[in-house]
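Breakdown of the fold
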Amino acid sequence: VALLQTSAIRRRPPSLRQQQSSATTTNVSGSTMAVDCIKLTEKYFEVWNTHDVSWIQALHAATSTLTDWDGSHGPTNIEVASSIEGVWKAVPEVHIEIVNISTMEDKPNTCVANIKMIVDATTTMKVCDVIDYDESGRVVALNAHKTD
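Residues numbered from 1 in each chain as written. Predicted model: local features only at pLDDT ≥ 70, side-chain atom pairs only at ≥ 80, totals over all residues. Heavy atoms only, no water.

Observations concerning the packing of aromatic side chains
Which entries qualify depends on this criterion: Stacked, tilted and edge-to-face are the three classes applied to pairs of Phe, Tyr and Trp rings, where Trp contributes its six-membered ring and a pair requires centres within 6.5 Å; stacked means planes under 30 degrees apart, edge-to-face means over 60, and tilted covers the rest. For the purposes of this entry, the term helix denotes a DSSP run of H or I that reaches at least four residues, the term strand denotes a run of E that reaches at least two, and both are numbered from the N terminus. Burial classes: relative accessible area under 20% of the type maximum marks a residue as buried, over 50% as exposed, and values in between as partly exposed (1.4 Å probe, protein chains only).
The full count for this structure, using the stated rule, is two aromatic pairs. Their ring planes at 90° and their centres at 5.4 Å tell us that Y44 and F45 sit as a pair that is edge-to-face. Ring centres of W48 and W88 lie 5.6 Å apart, and the angle between their planes is 75°; on these two criteria the pair is classed as edge-to-face. Here W48 is found in helix α2 (residues 37-48), whereas its partner W88 is found in helix α4 (residues 77-90), with 40 residues between them in sequence. For W48, a relative accessible area of 5% translates into the label buried. With a relative accessible area of 5%, W88 lands in the buried category.

Structure representation (structure tokens):
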């Protein structure tokens with residue numbers, strides 16, 4: 001996935017309904033997954049890179065959490081979006097590059113995304129996000145772990 005710089009992507013992403021129109025897919029083992037976690041995760045980080053609070057909030061279920069090395073945020077999508085907005089305000093140039101995304105056969109609505117959080121020209125953090133989606137394709141839990 002190409003690096004999405006915040007200044008380059010300010011357009012609104014397709015509506016959540018459009019994004020989720022093909023919500024059933026098959027993984028490499030041939031089992032059916034309830035949602036296409038890989039596409040949802042790619043869209044999530046595309047939206048994240050726009051720094052658009054309302055769209056990041058819309059990607060989270062009404063009841064959702066975000067847990068990272070600074071603490072836990074939630075239990076609503078409003079609080080999760082507010083905490084993400086705090087990152088954007090503190091570090092306006094921050095953006096994310098996806099390294100890879102994998103699915104879990106025993107948890108079909110969960111993705112593991114290895115990402116680079118590019119803070120500025122000299123600071124990059126390696127992060128592993130474990131993202132759980134509900135049946136409608138909205139994030140119910142995102143657990144972020146520093147890996148470097």
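Read on, since the account is not over.
What to know about the pairing of strand β5 (residues 95-104)
Spelled out, the test is: At least two DSSP bridges between two strands are required for those strands to pair.
Taken together, the nine bridges between β5 and strand β6 (residues 107-120) define a ladder with antiparallel strand orientation. Bridge assignment links N100 to a residue of β6, and that residue is N114. With antiparallel pairing between neighbouring strands as the criterion, β5 and β6 make up a hairpin whose turn holds two residues.

Considerations on the pattern of salt bridges
For clarity, the cut-off: Take a side-chain nitrogen of Lys or Arg and a carboxyl oxygen of Asp or Glu: if they are within 4 Å of each other, that pair is a salt bridge.
As enumerated under the stated definition, the model contains two salt bridges in all. E46 is the salt-bridge partner of K43, the closest N and O atoms lying 3.2 Å from each other. Taken together, the residues span about one helical turn, with K43 and E46 both in helix α2 at a distance of three residues. In this structure, K43 and E46 share a single accessibility class: buried. Across the pair E85 and K89 runs a salt bridge, and its minimum N-O distance is 3.6 Å. Placement of both E85 and K89 in helix α4 is noted, with a separation of four residues, approximately one turn of the helix. Among the residues examined, E85 registers a relative accessible area of 26% and is labelled partly exposed. Its relative accessible area of 61% is what places K89 among the exposed residues.

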